[in-house]
Amino acid sequence: MKLAPWLDETWRSLSERLQHGRLPHALMLSGAGGLGKRALADALVAAALCESRGGDGYACTRCRSCLLMAAGSHPDRVHLSFEMRDDGKTPRTEIVIEQIRNLSQRLSLSSQFGGMQMAIIDPADRMNPSAANALLKTLEEPSGSTMLVLVSDQPSRLPATIRSRCQRIQINPPGHAQAVEWLRGQGIANADAERALTAMLGNPGRARDALADDTLSLRSECLRDLQALSGHRARALTVAEAWAADRPDQRLWHAAVLVREDAIQLAQGSRGTLGLTGPAEIPKLAAWFAAANRSRELLATQVRSDLVVLDLLHTWQTPRSS
Ligand SMILES: [Zn+2]
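Residues numbered from 1 in each chain as written. Predicted model: local features only at pLDDT ≥ 70, side-chain atom pairs only at ≥ 80, totals over all residues. Heavy atoms only, no water.

### Section: the domain arrangement of the protein chain
- Per the domain assignment, the segments making up the protein chain are domain 1 (5-170) and domain 2 (214-321).
- Using only C-alpha atoms to locate each centre, domain 1 and domain 2 end up separated by 38 Å. (Domains from an automatic or database assignment.)

Right under this line is the structure:
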């Protein structure tokens, strides 16, 4: 198992602390999706349970523990994520209290192999409030031989009481050159790598995924729609209905990124792609970027998504006509 190169430094530090028994009782790996947090959590858990780690700190992949790990049946490893609903067909969208109770019960017993007991909670920010509350009790009564690894794309969604009891490791996107090199190593052409990295804010994992699915064409659609709204060739209501019907959250994300890019271009003295004219527009773009992000948060609530999108698109179009 080899982690992405931008995780090298973090890995070295973690494996050194593992070696010296200095890892905390609870660790939180946070950062955007696509940066390899999950692979890092898996590598750490495998290494902690391995019976003959290599010099680089990685698990050996051959010992009894590693073989059980590969088979998904290691008795001292718990992986907590979304379970199936009671109908047995659809997965839940949150981690519930019974899962945390079962986890705590399991961790209160001694380990099967006499070493550590390792648990991953992923995505930790999707624990519902009672699950988070139950986990808090486990975090308050740490046992020497257990370790919890919380994986979270959006740690701000977790209660502060949970966050404060975990040692946090923030994973950031790598520099541009390393991201391009990594994508090229995945067999991706330079121009495609550049295009996808721009669209995905420099996140290499998400750039790779964007090239494999229709993310980039969705972004182009959003660009065309924003241009049409600026130029009054489209009605906000029509566009809002279309956006609300198909992946509104992703569309608002792309729109926010496009607006951010335009603000940067205008600030650099070049003309943006969204039909705006000059640096005087920058404050409006900044305000709209913030509004788009607030609207994305609203999409996660009970508010009707077509109304959220319409509100936002109105504010895009209105200043243009004034
Ligand atoms: Zn091993």
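### Remarks on the coordination of the zinc ion
- All of the protein donors around the zinc ion are Cys50 (SG), Cys60 (SG), Cys63 (SG) and Cys66 (SG); their distances to the metal are 2.3 to 2.4 Å.
- Coordination at the zinc ion is tetrahedral, judged from the four donor atoms that bind it and the angles of 104 to 117° they form at the metal.
- Every donor residue of the zinc ion comes from the same chain, spaced as C-x9-C-x2-C-x2-C. Cys66 shares its class with Cys63; the two are buried. (Donors = N, O, S within 2.8 Å, 3.2 Å for Na, K, Ca; no water. Tetrahedral: all angles 85-135°; square planar, octahedral: opposite > 155°, others 65-115°. Buried < 20%, exposed > 50% of the residue type's maximum accessible area, 1.4 Å probe, protein only.)

### A look at the pairing of strand S1 (residues 26-30)
- Of all five residues in S1, five are buried; the element is thus mostly enclosed.
- In the sheet, S1 pairs with strand S4 (residues 146-152) via five bridges, with the strands oriented parallel. Counterpart to Ser30 in the pairing with S4 is Ser152.
- Pairing geometry for S1 and strand S5 (residues 167-170), over four bridges, is parallel. When the bridges of S5 are listed, Leu27 appears paired with Gln167. (Helix = DSSP H or I, 4+ residues; strand = E, 2+ residues; numbered from the N terminus. Pairing = 2+ DSSP bridges.)

### Things to note about the nonpolar core
- In this structure, Trp11, Leu40, Leu44 and Val149 are the most contacted members of the largest nonpolar core, which totals 49 residues.
- Take this core: its biggest share by element is nine residues, from helix H2 (residues 37-49).
- Taken domain by domain, the makeup of this core includes at least three residues from each of domain 1 (5-170) and domain 2 (214-321).
- Not counting the four nearest positions on each side in its chain, Leu44 is found in contact with Trp11, Leu14, Leu23, Leu27, Met118, Met147 and Val149.
- Residues Ala228, Ala240, Leu266 and Val309 belong to the second largest nonpolar core, which totals 29 residues. (Core = buried A, V, L, I, M, F, W, Y, C linked by side-chain atoms within 4.5 Å. Contact = heavy atoms within 4.5 Å.)

### So, the side chain of His254
- In this fold, His254 is placed in helix H12 (residues 248-267).
- A residue is classified by how much of its surface remains accessible, and His254, at 2% relative accessible area, is buried.
- Not counting residues within four places of it along the chain, the set of residues in contact with His254 comprises Met200, Thr215, Leu218, Arg219 and Cys222.

### So, the layout of surface pockets
- Size it by volume and the largest pocket reaches roughly 1300 Å³.
- In terms of lining, the largest pocket is formed by 32 residues, of which the most central are Gln154, Arg206, Asp249, Trp253 and Arg296.
- Elements with a contribution of two residues or more to the lining of the largest pocket: helix H9 (204-212), H12 and helix H13 (282-299).
- Among the elements that take part in the lining of the largest pocket, H12 stands out by supplying seven residues, more than any other.
- Here the residues of the lining of the largest pocket sort into 12 nonpolar, eight polar and 12 charged.
- Counting residues domain by domain, the lining of the largest pocket receives three or more from each of domain 1 (5-170) and domain 2 (214-321). (1 Å grid on protein atoms, 1.4 Å probe; cavity = no way out; pocket = protein on both sides within 12 Å on 5 of 7 lines; lining within 4 Å. Points joined across faces, edges and corners; volume = space filled by probe spheres on them. Nonpolar A, V, L, I, M, F, W, Y, C, P; charged D, E, K, R; others polar.)

### Focus on helix H1 (residues 8-19)
- Between its first and last C-alpha atoms H1 spans 16 Å; for 12 residues at 1.5 Å apiece the expected length is 16 Å, and the two agree.
- Within H1, burial applies to Thr10, Trp11, Leu14, Ser15, Arg17 and Leu18. All buried residues of H1 fall inside an arc of 160° around its axis, so they share one side. Across H1 from its buried face, at more than 90 degrees, point the exposed residues Glu9 and Gln19.
- Phi for Gly21, located one or two positions after H1, is positive at around 65°. (Expected span 1.5 Å × (residues − 1). Arc of directions from axis to C-beta.)

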